[in-house]
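Each chain, letter by letter, is given below.
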Amino acid sequence: MKRLAMALAISLVPGLSQTPPSLEAKAGKPKFLKLQPLEEKQIDAVKAQAAEPRAEGIHRPIEVRSLDKGEWKKLSGGVNIWRLGIDSPGAAGLRVHFSGFDAGAGKLWLHAQAGQGKPEVAGPYSGKGPYKDGDFWSDVVFSSSIIIEYQPAGSARKVPFRIPEISHLIRR
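Residues numbered from 1 in each chain as written. Predicted model: local features only at pLDDT ≥ 70, side-chain atom pairs only at ≥ 80, totals over all residues. Heavy atoms only, no water.

Undergrad: So what's going on with the packing of aromatic side chains? Residues and values would help.
TA: For the structure on display, the rule yields nine aromatic pairs. A ring pair is formed by tryptophan 82 and phenylalanine 161, whose centres lie 5.8 Å apart and whose planes are at 75 degrees; its orientation type is edge-to-face. Here tryptophan 82 is found in strand S4 (residues 80–87), whereas its partner phenylalanine 161 is found in the loop between strand S9 (145–151) and strand S10 (162–170), with 79 residues between them in sequence. Comparing tryptophan 82 with phenylalanine 161, the two get one shared label, buried. (Phe/Tyr/Trp six-rings, centres within 6.5 Å; stacked < 30°, edge-to-face > 60°. Helix = DSSP H or I, 4+ residues; strand = E, 2+ residues; numbered from the N terminus. Buried < 20%, exposed > 50% of the residue type's maximum accessible area, 1.4 Å probe, protein only.)

Undergrad: Please give an account of unusual backbone geometry that cites residues and values.
TA: A cis geometry characterises the amide bond from glycine 123 onward to proline 124, with omega recorded as 15 degrees. Located in the positive-phi region is lysine 26, a residue other than glycine, with phi close to 50 degrees. Note on placement: lysine 26 falls in the loop between helix H2 (21–24) and strand S1 (32–34). In this structure lysine 26 comes out as exposed when scored by relative accessible area, which is 72%. One non-glycine residue, lysine 132, adopts positive backbone phi at about 60 degrees.

Next up, the structure:
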């Protein structure tokens, strides 16, 4: 509970949110990891267990090698970014579990694909994450498809984190 309160407080502090470089540069879509849709029985089981009428989630494992699908891109001005999209059909929102997170002065964002209006953005996350231990869940991005965007502080070409799972939120 303490971690959730801290994450919410960090995400609500004005000035901490920044626009990810790919949105400013209108960089287009990255490669996407497309998960299979959930089966109705999985969704019904979550809804049946829910104690309150709110969004509930199903944790969906992400294969270790899935990060290999992400791609590096050099934007105008020489800014290097790594991006990977994740699509979980039917989700009301997505959260990402990061482990081994050690971005140093680099920054990581999650956002919905740019379209009409300003997309919802979570982050930036840096250092060892909000709890300074390298393990955390991102804020929710209310979309069934998200983009994970990492901008290293220097010329690094390796992502400094793992994604063991995501949370696929289901509206009741």
